[in-house]
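# Structural overview for review
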Amino acid sequence: MKKLNVSVLLAITIAFTSCAQSRSDQKAPQSVMSSFAQKFPNASKVEWDKENDKEWEAEFKMNNSKYSANFSNTGEWLETEYKIKISEIPADIKTILDANFKDYDIEIAEISETSQGKSYEFEIEVGEQELEVTIDQNGNLTKKLEEENESDED
């Protein structure tokens, strides 16, 4: 009887564990995983997540850094993002930030790569205001969105 109870308990535990898998354990379609492996052969610790109905996102490590890459359901690469150190921001990009934002602090600096090219994305703070700023590879300031501040009252 004890063997039966242990077997039943083990089967129930396995069933609950497989049902309770997180979204990051989802398996992307083979076409997506093949495209990913071809584009990022040195990636490790890959976790997949379904971004939306048409897109998958892989979070992974490569070259001692964390990356994320998005692919369409058919395996087309859409975007790769990774953080960079403030010291790695090119001088010309830093000059654009300096010219457009007085007394700002960089909270996060990232590079975004798409088929259209590379852009630099920043979360910056200017006094009490938080902004998301994107500067494309040609030095054009392409986005200036105010992030919602939790302490703001409408």
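A brief look at the structure comes next. Counting of residues starts from 1 at the beginning of each chain's written sequence and follows it residue by residue. Local features in a predicted model are, by the rule used here, given only for residues with pLDDT of at least 70; side-chain atom pairs are given and counted only at 80 or more, and totals for whole chains, interfaces and linings are based on all residues. Heavy atoms from the whole structure form the basis of all side-chain values; hydrogens and water molecules are not counted.

## A look at the pattern of salt bridges
In the sections that follow, a salt bridge refers to a side-chain nitrogen of Lys or Arg positioned within 4 Å of a carboxyl oxygen of Asp or Glu. Taken as a whole, this structure holds one salt bridge when the rule is applied. For the salt bridge of K94 with D98, the shortest nitrogen-to-oxygen distance reads 3.4 Å. Of the two residues, K94 and D98 both sit in helix α3 (residues 91-100), four residues apart, roughly one turn of that helix. Throughout, exposure labels follow a simple rule: accessible area from a 1.4 Å probe, protein chains only, divided by the maximum for the residue type, with under 20% read as buried, over 50% as exposed, and the rest as partly exposed. Owing to a relative accessible area of 28%, K94 belongs among the partly exposed residues under this scheme. Under the scheme used here, helices are H or I runs from DSSP no shorter than 4 residues and strands are E runs no shorter than 2 residues, and both carry numbers assigned from the N terminus.

## Let's talk about the nonpolar core
If you look at the biggest cluster of nonpolar residues, it comprises 29 residues, and the most contacted ones within it are W48, F60, L97, I106, F122 and I124. Contributions of two or more residues to this core are made by α2 (30-39), β2 (55-62), β3 (65-72), α3, β5 (104-114), β6 (117-126) and β7 (129-136). In this description, a nonpolar core means a group of buried Ala, Val, Leu, Ile, Met, Phe, Trp, Tyr and Cys residues linked to one another through side-chain atoms lying within 4.5 Å.

## A word on the environment of T74
Relative to the assigned elements, T74 resides in the loop between β3 and β4 (77-83). Here T74 falls in the exposed class, since its relative accessible area comes to 65%. Taking the C-alpha atoms as reference points, T74 and M33, 41 residues apart in sequence, are found 10.0 Å from one another. For this analysis, a polar contact is any N or O atom pair within 3.5 Å, provided that within protein one partner can donate a hydrogen and the other can accept it, and provided that sequence-adjacent residues contribute only side-chain to side-chain pairs. A polar contact of 2.9 Å, which involves the side chain of T74, links it to the side chain of S72.

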